[in-house]
Amino acid sequence: LIRNESQKELLDRLRKKQSSLNDRYINKLANDIPLLAEVFCDPTTVNFSDNSPPNSIKGMEDIDGLSSQFRFDFQEFVRFLSDPSIPLVVVLEDLQWASEAIMDVMSSILRDVTHHGVMIVGVYDDDKELRYDSLLCEWSKYPGVAINKIILTHCHDESGIQTLLSRILGPMTDMESLTECVYEGSHGSILGIDQLLSGFEQRGILRRENGSRKWIFEQASNEGSDNIHKRIRSLILSLPQDMAGICHFIACYGNSCDPTFLSYLGSEEQVTQVVQRLIDAGIVLEDQSTKSITFAHAFCRDAIYHMHSEEDRAYLHYRLARVMWTEIDVADLARGNAVCFIVDHFQVGKRFMKSSRERSAVVRLCLTAVQFSVKMAAFLSSSSYLQFGLELLGDRSWHNDYDLSLELHNSIAEIELCRSEFNAIDKHVDEIIDNARCNADSIRARTVAVYKMGTVGSINEAVHRGCKLLSELGVILPLRPSVISAQKALVKTRALLRGKSDGFIDRLPPMQDPDKLAALKLLCIIFSFCFSLNPRLAPLIAYETIRLTLDFGVCSISSVGFVLYGAMICR
């Protein structure tokens, strides 16, 4: 409720600092400024540029496709707004549905120690709590960041939300009628509360008395509001059992459903009847072009979703995952994000997976989901899927399913390297080394350890261990080559390529030998560190990379050797 004095001060501060906003930031944030202005004050009174406001406001979901340059610019904008005397409060509702890009933007804001007076309030459903617990722990380690977690129990119970609203609105007025009216109209939704209070104020029902500086609520006799949750529940209970079950599945699916998913839930006639009943009641909206449906508001979905107990909801998620897994073709799973969707629902309903055979199958599904997530650079989700896989295998995973355990731990080490979680890398690498049946099984993990050493600054140790590991793979690379050794490597590389055309290289078969693939990966890693330690290693790395490619086949890393050799002979 940023109105009155705080709004005026914010407007004055924005106008004073307006000239300090670089044109580059204005251009980058042109679509978002009206949205931010609308949150804090009247958008018509804030003008950051001479350009007219865009026709459409870019939503936060569009940040997924934006570059790190946008994150930097957005961080500069937050730094511009923040002030210890007038804190900047960012409220994110339904955080459980937030994309990774939004969480990444929040991380960049919290990591920045140059601004002060920023408070982020995140509201999320405890059904998805596990997903961001690790991120909250990471945020708490940032300098100057304090994380306060408030758990509101029985929030979906009527008395629980009524009590919560009484505490929030109690200091504003002594009249309980306002609390009751807001509860019935919004059922605790932050956006709903804001909309109702703004509407009451515009109609003069809610006004501030200048003398007592209190808010006065004068409810008209016809100002009652239907309890939306009760109305929605009555509609669902009036449906036949099979049609009501379809409604519950739709609510479990999420805020929107595509027609392909709806076809899995029952006969076309049944699904059409259910969707039409929901549309007629104003609970969902249908996109005529795609035939997908979307809940009119988050609390419409919540009313259906929370008709069941927590355990029943978990079972619904489990059944939903099973239905999707059965209906979707295996080839389609690998191509789209359906596999990630299925794993997400299995995570909620994991307590109902009893058989070891089913658990192993879901673990393999988790690995498939990781492949898709990595392509989308969604490393946080990838880590979550892999941890879920480890949880399913249990404490005796190395004994009961050695191959799956090895793949999971190797994948986790690589994902945590992408996320710069170095302590987690050491933990999984050590476990692989302790449980590996042979040295070959630990090559992948030890390669990750070499990369991690160089990344944290231990370049000497990284190159030393990398060369030692290469010798196990049959590639000898001296730690301190002489100038003559480097020149000889260039001469031998020229001899290898003599008489070979581009067409010859194109016709080389794909490399299949796992040891040679691992050796090429190590050569590439060592090359990334050698220029700051010993540039004479570069000609030897180019020679070994090209030699392995010509002898055993081509792979994606082969290009590093050819580019490196080409760069050196051009000097």
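Note that the structure is a prediction, hence the values are computed from the model and not measured. Throughout this document, residue positions are counted from 1 along each chain, in the order its sequence is written. Reporting in this predicted model follows two pLDDT cut-offs: at least 70 for local features of residues, and 80 or more for side-chain atom pairs to be given and counted; totals over whole chains, interfaces and linings ignore these cut-offs and use all residues. To obtain the side-chain values, all non-hydrogen atoms of the structure were used and water was disregarded.

1. Thoughts on the overall build of the protein chain
Right, so step 1: Working definition: helices are DSSP H or I runs of at least four residues, strands are E runs of at least two. Numbering for both runs from the N terminus. When helices and strands are counted, the protein chain shows 29 helices and seven strands.
Right, so step 2: Only protein chains enter the accessibility calculation, which uses a 1.4 Å probe. A residue is then buried if its area is under 20% of the maximum for its type, exposed if over 50%, and partly exposed in between. The buried share of the protein chain, taken over its 571 residues, is 43%.
Right, so step 3: Residue contacts follow a heavy-atom distance rule, with two residues in contact if any of their heavy atoms lie within 4.5 Å. In the protein chain, the proportion of contacts linking residues at least 24 apart, taken out of those at least 6 apart, comes to 69%.
Right, so step 4: Working note: accessible area of the protein chain is about 30500 Å², and carbon and sulfur atoms make up 52% of it. Here the accessible surface of atoms and residues is derived via Shrake-Rupley with a 1.4 Å probe, and residues count as covered only by protein chains that are part of the display.

2. Focus: the packing of aromatic side chains
Right, so step 1: Note on aromatic contacts: the rings of Phe and Tyr and the six-membered ring of Trp form a pair at centre separations within 6.5 Å, being stacked when their planes are under 30 degrees apart, edge-to-face when over 60 apart, and tilted otherwise. Under the counting rule described, the total for this entry stands at nine aromatic pairs.
Right, so step 2: Look at Trp 398 and Tyr 402: their rings are 5.7 Å apart centre to centre, the planes differ by 55 degrees, and that puts the pair in the tilted class.
Right, so step 3: Residue classification places Trp 398 among the buried positions, given a relative accessible area of 11%.
Right, so step 4: Consider the rings of Tyr 451 and Phe 529, whose centres lie 6.1 Å apart with planes at 85 degrees: the pair is edge-to-face. One end of the pair, Tyr 451, is in helix α23 (residues 443–455); the other, Phe 529, is in helix α27 (residues 514–533), and 78 residues separate them in sequence.
Right, so step 5: Judged by its relative accessible area of 9%, Phe 529 is buried.
Right, so step 6: Whether a charge sits over a ring comes down to the Lys NZ or Arg CZ being within 6 Å of the ring centre and within 35 degrees of the ring normal. Lying over the aromatic face of Tyr 305, Arg 301 brings its terminal NZ or CZ to 4.5 Å of the ring centre.
Right, so step 7: Directly above the aromatic system of Tyr 402 lies the positively charged group of Arg 437, at a separation of 3.9 Å from the ring centroid.

3. Here's the deal with the nonpolar core
Right, so step 1: Grouped together as the largest cluster of nonpolar side chains are 64 residues, with contacts concentrated most on Leu 262, Ile 283 and Phe 346.
Right, so step 2: At nine residues, helix α11 (residues 241–253) tops the list of elements feeding residues into this core.
Right, so step 3: Once you skip the residues sitting within four places of it in the chain, Leu 262 turns out to touch Ile 250, Cys 257, Val 271, Val 275 and Ile 293. Within this scheme, the nonpolar core is defined by two criteria: the residues are buried Ala, Val, Leu, Ile, Met, Phe, Trp, Tyr or Cys, and they are joined through side-chain atoms within 4.5 Å.

4. Notes on the side chain of His 317
Right, so step 1: Turning to its location among the elements, His 317 is positioned in helix α15 (residues 310–327).
Right, so step 2: We call two N or O atoms a polar contact when they sit within 3.5 Å, provided that within protein one can donate a hydrogen and the other can accept it, with sequence-adjacent residues counted only if both atoms are side-chain atoms. Of note is the side chain of His 317, whose polar atom sits 2.8 Å from the side chain of His 345.
Right, so step 3: The residues contacting His 317, other than those within four sequence positions of it, are Cys 252, Tyr 305, His 345, Val 348 and Gly 349.

5. Some points on the side chain of Lys 452
Right, so step 1: Looking at the element boundaries, Lys 452 is found in helix α23.
Right, so step 2: The class of Lys 452 is buried, set by a relative accessible area of 15%.
Right, so step 3: Setting aside residues no more than four positions away along its own chain, Lys 452 makes contact with Leu 417, Phe 422, Ile 425 and Asp 426.

6. A word on the environment of Val 271
Right, so step 1: With respect to the element layout, Val 271 can be found in helix α13 (residues 268–280).
Right, so step 2: For Val 271, a relative accessible area of 9% puts it in the buried group.
Right, so step 3: Sequence-wise, Val 271 and Met 243 are 28 residues apart; in three dimensions their C-alpha atoms are separated by 7.5 Å.
Right, so step 4: What Val 271 contacts, discounting residues up to four positions off in sequence, is Ile 246, Leu 262, Leu 265 and Gly 266.

7. Description of the pattern of salt bridges
Right, so step 1: When a carboxyl oxygen of Asp or Glu is within 4 Å of a side-chain nitrogen of Lys or Arg, the pair counts as a salt bridge. A complete count under the given rule lists 12 salt bridges for this structure.
Right, so step 2: Note that Lys 350 and Glu 391 form a salt bridge whose closest N and O atoms lie 3.0 Å from each other. Of this pair, Lys 350 sits in the loop between α17 (338–348) and α18 (356–375) while Glu 391 is found in helix α19 (residues 379–393), placing the two residues 41 residues apart along the sequence.
Right, so step 3: Residue Asp 426 is joined to Lys 452 by a salt bridge in which the shortest nitrogen-to-oxygen separation is 3.1 Å. In this pair, Asp 426 sits in helix α22 (residues 422–435) while Lys 452 sits in helix α23, placing the two residues 26 residues apart along the sequence.
Right, so step 4: Taking relative accessible area as the criterion, Asp 426 reaches 30% and is therefore assigned partly exposed.
Right, so step 5: When salt bridges with common partners are traced through the structure, they connect Glu 407, Glu 414, Arg 444 and Lys 521 into a single cluster.

8. As for the environment of Leu 110
Right, so step 1: Within the secondary structure, Leu 110 sits in helix α5 (residues 100–111).
Right, so step 2: Among the residues examined, Leu 110 registers a relative accessible area of 17% and is labelled buried.
Right, so step 3: With 30 residues separating them along the chain, Leu 110 and Ser 140 place their C-alpha atoms 9.4 Å apart.

9. Observations regarding the packing of α22 against α23
Right, so step 1: With their axes 9 Å apart at the nearest point, α22 and α23 run at an angle of 150 degrees to one another. By the angle between their axes, α22 is roughly antiparallel relative to α23. Of the two possible hands of crossing, α22 and α23 adopt the one that is left-handed. Where α22 abuts α23, its residues Phe 422, Ile 425, Asp 426, Val 429, Ile 432 and Ile 433 lie against Ala 445, Arg 446, Val 448, Ala 449, Lys 452 and Thr 455.
Right, so step 2: In terms of residue class, the contact of α22 with α23 is made up of eight nonpolar, one polar and three charged. Simply put, an axis is a line fit to the C-alpha atoms, just over the touching stretch for a helix, and the angle between two N-to-C directions goes from 0 to 180 degrees. An angle below 35 degrees is read as roughly parallel, one above 145 as roughly antiparallel, one from 65 to 115 as roughly perpendicular, and any other as oblique. Two helices crossing with the near one rotated counterclockwise from the far one by less than a right angle form a left-handed crossing, whereas a clockwise rotation gives a right-handed crossing. Each residue gets one label: Ala, Val, Leu, Ile, Met, Phe, Trp, Tyr, Cys and Pro are nonpolar, Asp, Glu, Lys and Arg are charged, and the others, such as Gly, are polar.

10. Looking at the sheet that holds strand β6 (residues 284–286)
Right, so step 1: For two strands to pair, DSSP has to find at least two bridges joining them. Ordered in space as β5-β7-β6, the three strands form an open sheet in which the pairing is antiparallel. Each edge of the open sheet is held by one strand with a lone partner, namely β5 (256–257) and β6.
Right, so step 2: Two elements, β6 and strand β7 (residues 293–295), share three bridges in a ladder whose sense is antiparallel. The partner of Val 284 across the bridge, within β7, is Phe 295.

11. Here's the deal with the confidence of the model for the protein chain
Right, so step 1: Residue-level confidence of the predictor is what pLDDT reports, using numbers from 0 through 100. Per-residue pLDDT for the protein chain averages 75, and the proportion of residues at 70 or more is 70%.
Right, so step 2: Confidence drops under a pLDDT of 50 for residues 221–226, and excluding neighbours within four residues, the segment shows eight contacts in the predicted structure.

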